[in-house]
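So you can see what is in the structure, the chains are spelled out below.
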Number of protein chains: 2
Amino acid sequence: MAFDEISSNRMFGGVQSVYRHDSSATSTAMEFAVYRPDSATGAAVVFLSGLTCTWENFTVKAGAQRMASELGLTIIAPDTSPRGGSVPDDPGGAYDFGLGAGFYVDATQAPWSANYRMRSYVLSELLPGCIEEFDLDASRIGISGHSMGGHGALTLALGAPGTFASVSAFAPICAPSQCPWGEKALAGYLGDDRSGWRGSDAVALIEDGARLSEVLVDVGLDDAFLAEQLRIDLLESACSDADIGLTLRRQAGFDHSYYTIATFIDDHMNWHAQRLGLRTE
Amino acid sequence: MAFDEISSNRMFGGVQSVYRHDSSATSTAMEFAVYRPDSATGAAVVFLSGLTCTWENFTVKAGAQRMASELGLTIIAPDTSPRGGSVPDDPGGAYDFGLGAGFYVDATQAPWSANYRMRSYVLSELLPGCIEEFDLDASRIGISGHSMGGHGALTLALGAPGTFASVSAFAPICAPSQCPWGEKALAGYLGDDRSGWRGSDAVALIEDGARLSEVLVDVGLDDAFLAEQLRIDLLESACSDADIGLTLRRQAGFDHSYYTIATFIDDHMNWHAQRLGLRTE
């Protein structure tokens, strides 16, 4: 795959780069960021961002590179939707559908199905491309994400067994079939038949038998979206029923912002490193 | 002074807030950010940002709060210029003069002199206001900054002896009278008579007898502005001649970006903490 470098900056003991490439999954050009420590071990974490974000938010706000550099962990930060003049957006320009809101699903409904194929993009195109381009170890890839990206991390890991050796999330949308953000997105991308949504809903995937060995989830108790949109309670119940090792940390005083991610990102980097066979303290 | 809180987010062991207040120095409303660790010691660092920035860039990109929380150091991040409908901007909308480019001077030339009084704003209004509002220790205040803000840190510290107990800078504009950015700004704000510029030029201030005991400067060797705009060489000579303890670190591979600041901010926080009487490791 041809990645064109559009920026490259030294940061901590490594290089933070941004690439553009033509995607056959989305039929658009796509951008993504990758942090490569000098001490790269071949282990990597894919971080999926939330609504309205691009690769940039996590890359400039989370501060993950410091610990990644110490651990020898590569970080891949994809965009959150296809973009470009020909890509349709929410007719009203809403922030929670269309551009910046791909929800990591493969849309089946016109006009979205032509470009909004973020699940295939991440799993079948970007990740294999990065494994080849950056000499990563396919058996030591973790996934994490925030909010819509937490939903992406959980559903991609649950739906593609064996792809990700470690999983974590910040404030994930756990049951999109049962919250306003998710109902809008899944109805729009996948159609009104709710039976078709279950493969894109972490709680439903677990109910239907998908399994993870363990997952780390941080959520702030002052997160304004906690009760209505995230439904961490449903993930907790589903993991309990399915015997999935959920390490759920409710962080008093913290909210839905990147300030929360920055605070706890080191713990997540270490969580992944331990499960990807890296030396941690 | 009445500070109106416009946001507040928990981050590491403290709170990141943004305030708005009416400034008599600039005759505008001004915004600034402050990070207050739970373990606040009364010591604080003022961080002045560079061209095009607001309080936000340093606050969300530098990752200073992690170490500030450990050290008990408060961080104050002002805006870089007055703003608002009545504030004049560069006629051509250039990034290096007018809005986002106040250069931490008190303009003497119309129309800039009505609002562009960032030196007085920081020294005589914001800092005393923060000392009172946040219970800071006036004898334990440090100052740092980046690029234009590094120029601000050096010139404010040199020009107001006794105000700042510790000084550092990232990629500072060291001799604005001798570089394109500075010549444009000082001519615009202070007029064509170059003798009036010397109090707003770190190298000239030192030549004219102003002193610091010591200063830490980090600059990247891949900084695109190093040779033409920053003139670190002139600062190095001036400090040598004046017996000022300059710790100058030329960082191979690093550039002018916030990726560089994020990489070395912990060193700067520790530099200030040691000189402000805080416990460091």
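This structure is a prediction, so every number in the text was calculated from the model and none was measured.

**A look at the pattern of salt bridges**
All names here are of chain A.
1) Next: If you walk through the whole model with that rule in mind, you get 32 salt bridges over all chains.
2) Next: Here Arg-198 and Glu-207 are joined by a salt bridge, their closest N and O atoms 3.0 Å apart.
3) Next: By relative accessible area, Arg-198 is classed as partly exposed at 31%.
4) Next: By relative accessible area, Glu-207 is classed as exposed at 53%.

**Quick look at the relation of the copies chain B and chain A**
1) Next: Expressed as a screw operation, the relation of chain B to chain A combines 0.0 Å of axial shift with a rotation of 180°, fitting to an RMSD of 0.0 Å. On this basis, the relationship between the two copies can be described by a two-fold rotation axis. Relative to the rotation axis, the closest C-alpha in chain B is found at B:Lys61, a distance of 2.6 Å.
2) Next: Of the residues that chain B buries at the interface, 100% are likewise interface residues in chain A, meaning the two copies contact each other through the same surface.

**Quick look at the packing of aromatic side chains**
We describe a pair of aromatic rings using the distance from one ring centre to the other and the angle between the two ring planes.
1) Next: Using the criterion set out here, one finds 30 aromatic pairs over all chains in the structure.
2) Next: On the basis of an interplanar angle of 70° and a centroid distance of 4.9 Å, the ring pair of A:Phe3 and A:Phe32 is categorised as edge-to-face. Taken together, the residues A:Phe3 in the segment before β1 (4-11) and A:Phe32 in strand β3 (residues 28-37) connect sequence positions 29 residues apart.
3) Next: Residue A:Phe3 is classed as buried on the basis of its relative accessible area of 10%.
4) Next: On the numbers, 6.2 Å between centres and 50° between planes, the contact of B:Phe47 with B:Phe170 is tilted. You can see B:Phe47 sitting in strand β4 (residues 44-48) and its partner B:Phe170 sitting in strand β7 (residues 166-170), a full 123 residues away along the chain.
5) Next: Since its relative accessible area comes to 2%, B:Phe170 is described here as buried.
6) Next: Grouped by ring-pair contacts, the aromatic residues A:Phe3, A:Tyr19, A:Phe32 and A:Phe134 constitute a single cluster.
7) Next: Over the ring of A:Trp271 we find A:Arg275; its NZ or CZ atom is 3.5 Å from the centre of that ring.

**Digging into the sheet that holds β3(A)**
Residues and elements named next belong to chain A.
1) Next: Ordered by their spatial adjacency, nine strands build an open sheet running β1-β2-β3-β5-β4-β6-β7-β8-β9, and the pairing between neighbours is mixed. Of all strands in the sheet, those with a lone pairing partner are β1 and β9 (245-251), marking the two edges. Here the strands of the sheet are splayed against their neighbours by 15° on average, with no regard to which way each runs.

**Some details on the environment of A:Ala210**
Residues and elements named next belong to chain A.
1) Next: Looking at the secondary structure, you find Ala-210 in the loop between α6 (202-207) and β8 (214-220).
2) Next: For Ala-210, a relative accessible area of 15% translates into the label buried.
3) Next: Distance from Ala-210 to Cys-53, taken between C-alpha atoms, is 28 Å for residues 157 residues apart in sequence.
4) Next: When near neighbours in sequence (up to four residues on either side) are disregarded, Ala-210 contacts Leu-158, Leu-205 and Ile-244.

**A closer look at unusual backbone geometry**
1) Next: For the bond running from A:Ala110 to A:Pro111, omega is 0°, close enough to zero to count as cis.
2) Next: Tracing the chain through its elements places A:Pro111 in the loop between β5 (74-78) and α3 (118-133).
3) Next: The phi dihedral of A:Ala171 is positive, around 45°, even though this residue is not glycine.
4) Next: For A:Ala171, the position within the fold is in the loop between β7 (166-170) and α5 (180-190).
5) Next: What makes A:Ala171 buried here is its relative accessible area of 5%.
6) Next: For B:Asp135, which is not a glycine, the phi torsion comes out positive at approximately 55°.

**Notes on the interface of chain B and chain A**
1) Next: Tallying the contact residues gives 20 residues for chain B and 20 residues for chain A.
2) Next: Summed over both sides, the interface of chain B with chain A buries roughly 1700 Å², with 59% coming from carbon and sulfur.
3) Next: Across the contact surface, chain B and chain A share zero salt bridges.
4) Next: Viewed at the interface, chain A and chain B are joined by four residue pairs in polar contact (both at pLDDT 80 or more).
5) Next: When residues of the side of chain B that touches chain A are traced back to their parent elements, those giving at least two are β1 (4-11), α1 (55-61) and α9 (258-275) of chain B.
6) Next: Among the elements that line the side of chain B that touches chain A, the one with the most residues is α9(B), at five residues.
7) Next: Class assignment of the residues belonging to the side of chain B that touches chain A gives a composition of seven nonpolar, eight polar and five charged.

The rules we used
Residues numbered from 1 in each chain as written. Chains lettered and ligands numbered in written order. Predicted model: local features only at pLDDT ≥ 70, side-chain atom pairs only at ≥ 80, totals over all residues. Heavy atoms only, no water. Salt bridge = Lys/Arg side-chain N within 4 Å of Asp/Glu carboxyl O. Buried < 20%, exposed > 50% of the residue type's maximum accessible area, 1.4 Å probe, protein only. Least-squares fit on C-alpha atoms with pLDDT ≥ 70 in both. Contact = heavy atoms within 4.5 Å. Phe/Tyr/Trp six-rings, centres within 6.5 Å; stacked < 30°, edge-to-face > 60°. Helix = DSSP H or I, 4+ residues; strand = E, 2+ residues; numbered from the N terminus. Lys NZ or Arg CZ within 6 Å of the ring centre and 35° of its normal. Pairing = 2+ DSSP bridges. Axes fitted to C-alpha atoms, helices over the stretch in contact; angles between N-to-C directions. Buried area = accessible area lost by both parts, 1.4 Å probe. Polar contact = N/O pair within 3.5 Å; in protein donor to acceptor, adjacent residues only side chain to side chain. Nonpolar A, V, L, I, M, F, W, Y, C, P; charged D, E, K, R; others polar.

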